[in-house]
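Each chain, letter by letter, is given below.
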Amino acid sequence: MTRTHYQRIQRKKPEDLRSARWFAPDDLRSFGHRSRIMQMGYAPEDWAGKPIIGILNTWSDLNPCHAHFKQRVDDVKRGVLQAGGFPVEMPALALSENFMKPTTMLYRNLLAMETEEQIRAHPVDGVVLMGGCDKTTPGLIMGALTAGLPMIYLPAGPMLRGNYAGQQLGSGSDAWKYWDERRAGNITARQWLGVEGGIARSYGHCMTMGTASTMTAIADAMGLSIPGTSSIPAADSGHIRMSAACGRRIVEMVWEDLRPGQIVTESAVRNATIVAMATGCSTNAVIHLLAMARRAGVNWTLDDLDALSREVPVIANIRPSGSTYLMEDFHYAGGLLALMAQLREKLDLGCLTVTGDTLGAAIADARVHNDDVIRPLSNPVYHEGSLAVLRGNLCPDGAVIKPSACEARFQRHTGPALVFDSYPEMKAAIDDENLDVTPDHILVLRNAGPLGGPGMPEWGMLPMPKVLLKQGHRDMLRISDARMSGTSYGACVLHVAPEAHIGGPLALLRTGDLVSIDIPARTLDMQVGDEELARRRAEWKAPAPKFERGYGWMFSRHISQADQGCDFDYLTREFGEAAGEPDIY
């Protein structure tokens, strides 16, 4: 293996370790630190002269995606000890996508803040970030990028394939599919219960190419995980070995002083975007990629994402963009390393990874074992990348759609809007079997964005009207300022910016207005004249605030819009430099 600069540099000396500020000096303050760590049963032989490795663990009894982290943290510790480090576990906000309401997106930045401050405030020399469930990946990485210490990301891994009545089930994707059939009267309550019990059969995150699989792949392609590890199923014994390998490697990264600032460059962000587009990624990748890149000082924009989407086809035949396969199949077919090898000509192979070596070295021997799962560029699943960024008088700051997961007839479409101001209002209407709606109508949900949701919930895959389901229809154009689950599919325009809650043009749309979409041209417009829009704007009244105190109050005053990554304004690099090392007196 070719050794890079970061593997050849002179290693740090023990007295240069950051943790030595807490434990090495012969004074009263260090006496207090040493005596308290001895209180927990440790001796100087455990920590003296060794890198102290913080392990940020997002395990929780209410996060099924991370149920195995209770054991995996011991595997990480084993690796740290093998490499001569001293491991310390530090619990972090679990952000359970399944159970936190209204949405974990409301708390992604809180996890980022917690991560940054945990790293800065404690006597650690490097960190292992244990995440996987949707927002944990960007939240942990955003905080660690700002903190700047050596870090390595340990992905939770996808769960095993679902199964019911001999049919493979994909998490999320088949929930929507079978729920439509249930509402249409095509499956029984007993069958529905069988789907519930079979769709999630092990620990690990969603095994479709949803947000969790997308974001762990992005972290991997960005160079922040041991290359290729994002594809390993959570229940595979290889995941245990990978966890120990993360522990060993972070110790070496501390001695090498290999920091995320050397890894997450503009080229690395570009690589991650290319890989995301090729996987058939979640629409949520847009918001998280923008936020992560900007924490690293890379001014990545919607236009950058869209430009690459036009150049990079979808080659991962994984649901929901693909038709058949799931993440377990992707792993057996060669996983992310094999996919990146197919993209070799489009990637910057000189980018560093946490191994201290280059991306090119990581994929040098990668091979595809099933070319229907991981396609060659000459036989893609979809001819362009997974996502498209739209602009127009309905979304002047942008909106996102996933063309690879919707019916082809919606590439260009015009129809009358059916507008709802709240989810309960929309839900009552779509269950009304006398609803006056056709397949050409466009369902619109507003006031579900970063401020309106609040937190931009995953409400954007609006349910199909029951009357259309019974007629056999399974897709129609839907527009919202919300997000949708990465496991979702259909002709859903999302992240409309600026959002309706702050007076974006979506707030001015009315039922019956004609709306036109042209995905190849990247446009989304309402056919309403400027004079009429000005009249409506004069009549518009801002909604009441969602919060009057606490974290929600703070969130509402500092959250940015979707096109800016939904970070807090005061956490961005533009706001100011990160805090330095803490005073110790």
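Here the structure is a predicted model, which means the values were calculated and not measured.

How each quantity is defined
- Residues numbered from 1 in each chain as written.
- Predicted model: local features only at pLDDT ≥ 70, side-chain atom pairs only at ≥ 80, totals over all residues.
- Heavy atoms only, no water.
- Buried < 20%, exposed > 50% of the residue type's maximum accessible area, 1.4 Å probe, protein only.
- Helix = DSSP H or I, 4+ residues; strand = E, 2+ residues; numbered from the N terminus.
- Pairing = 2+ DSSP bridges.
- Right-handed = clockwise from strand over helix to strand, strands pointing away.
- Axes fitted to C-alpha atoms, helices over the stretch in contact; angles between N-to-C directions.
- Parallel < 35°, antiparallel > 145°, perpendicular 65-115°, else oblique.
- Left-handed = near helix turned anticlockwise from the far one by under 90°.
- Contact = heavy atoms within 4.5 Å.
- Nonpolar A, V, L, I, M, F, W, Y, C, P; charged D, E, K, R; others polar.
- Core = buried A, V, L, I, M, F, W, Y, C linked by side-chain atoms within 4.5 Å.
- Polar contact = N/O pair within 3.5 Å; in protein donor to acceptor, adjacent residues only side chain to side chain.
- Disulfide = S-S within 2.5 Å.

S.K.: Would you mind showing me how to read the pairing of strand 4 (residues 151-155) here?
M.R.: Along any regular strand, the residues point their side chains to alternate faces of the sheet. Counting buried positions along strand 4 gives 5 out of 5 residues, so the element sits mostly inside the fold. The side-chain alternation of strand 4 yields two buried faces, one formed by Met151, Tyr153 and Pro155 and the other by Ile152 and Leu154. Both strand 3 (residues 126-131) and strand 4 contribute to a ladder of 5 bridges, which runs parallel. Within strand 4, the residue paired with valine 128 across the bridge is isoleucine 152. At this point the chain moves from strand 3, through helix 7 (residues 136-147), to the parallel strand 4, and the crossover so formed is right-handed.

S.K.: Help me understand the packing of helix 6 (residues 108-121) against helix 7 in this model?
M.R.: The packing of two helices is summarised by the inter-axis angle and the distance between the axes. The interhelical angle for the contact between helix 6 and helix 7, taken along N-to-C directions, is 40 degrees, at an axis separation of 7 Å. When the interaxial angle is binned, helix 6 and helix 7 end up oblique. You can see that helix 6 and helix 7 cross each other, and the crossing is right-handed. For the pair helix 6 and helix 7, the contacting residues are Arg108, Asn109, Leu111, Ala112, Thr115, Glu116, Ile119 and Arg120 in the first and Thr136, Pro138, Gly139, Leu140, Met142, Gly143, Ala144, Thr146 and Ala147 in the second. Grouping the amino acids of the contact of helix 6 with helix 7 by side-chain chemistry returns 8 nonpolar, 6 polar and 3 charged.

S.K.: Could you clarify how one ought to interpret the nonpolar core in this entry?
M.R.: Soluble, globular proteins show a tendency: their nonpolar side chains are buried together. Formed by 108 residues in total, the largest nonpolar core has its most connected members in Met222 and Leu339. In terms of residues, this core owes the most to one element, helix 13 (residues 266-279), which gives 8 residues. Excluding residues that lie within four positions of it along the chain, leucine 339 makes contacts with Val275, Ala278, Thr279, Ile315, Ala316, Phe330 and Ile374. Listed in part, the 47 residues of the second largest apolar core include Phe410, Leu418, Met426 and Leu445.

S.K.: What exactly am I supposed to notice about the environment of glycine 512 here?
M.R.: Secondary-structure assignment places glycine 512 in the loop between strand 12 (492-497) and strand 13 (514-518). Between the C-alpha atom of glycine 512 and that of leucine 418, which follows or precedes it by 94 residues, the distance is 6.5 Å.

S.K.: Looking at this structure, I do not really get the sheet that holds strand 4. What am I missing?
M.R.: Where strands meet in a sheet, backbone hydrogen bonds hold them as pairs that are either parallel or antiparallel. Spatial ordering of the open sheet is given by 2-1-3-4, a layout of 4 strands whose pairing is parallel. Unpaired on one side and paired on the other, strand 2 (86-91) and strand 4 mark the two borders of the sheet. Strand-to-strand twist of the sheet, defined as the mean angle between neighbouring strand axes without regard to direction, takes the value 20 degrees. The pairing of strand 1 (residues 52-57) with strand 2 spans 6 bridges and is parallel.

S.K.: When you look at the environment of serine 516 in this model, what are you seeing that I'm missing?
M.R.: Mapping serine 516 onto the fold places it in strand 13. With near-sequence residues (within four places) excluded, serine 516 lies in contact with His413, Thr414, Thr523, Leu524, Asp525 and Gln527. Separated by 2.6 Å, the side chains of serine 516 and glutamine 527 make a polar contact.

S.K.: Got a minute to help me understand helix 10 (residues 211-221) in this structure?
M.R.: Each full turn of the α-helix corresponds to 3.6 residues, which orients residues three or four apart in the same direction. Extensive coverage of helix 10 is indicated by the burial of 11 of its 11 residues. Every buried residue of helix 10 is listed here: Thr211, Ala212, Ser213, Thr214, Met215, Thr216, Ala217, Ile218, Ala219, Asp220 and Ala221. Buried residues along helix 10 sit in contact with helix 7, strand 4, helix 13, helix 14 (284-295), helix 16 (327-332) and helix 17 (335-342). Backbone geometry just after helix 10 places glycine 223 at a positive phi near 100 degrees.

S.K.: What am I meant to see in the state of the cysteines here?
M.R.: Simply put, disulfide is the name for a covalent bond between the sulfur atoms of two cysteines. Taken as a whole and assessed by the stated rule, the structure comprises 0 disulfides. Sulfur of cysteine 133: no disulfide; nearest cysteine sulfur belongs to cysteine 65 and is 3.6 Å away. The class for cysteine 133 is buried, based on a relative accessible area of 1%. Just so you know, cysteine 406 is unpaired, no disulfide at all, and the nearest cysteine sulfur is the one on cysteine 492, 8.4 Å from it. You can call cysteine 406 buried: its relative accessible area is 12%.

S.K.: Would you take a moment to explain unusual backbone geometry for this structure?
M.R.: When glycine is set aside, most residues are seen to have a negative phi, and most peptide bonds are trans. In this structure, proline 320 follows arginine 319 across a cis peptide bond, with omega equal to 15 degrees. Along the chain, proline 320 falls in the loop between helix 15 (302-311) and helix 16. Residue proline 498 is bonded to the preceding alanine 497 through a cis peptide linkage, with omega at -5 degrees. If you check the backbone angles, histidine 495 has positive phi at about 60 degrees while not being a glycine. With respect to the element layout, histidine 495 can be found in strand 12. You can call histidine 495 buried: its relative accessible area is 3%.

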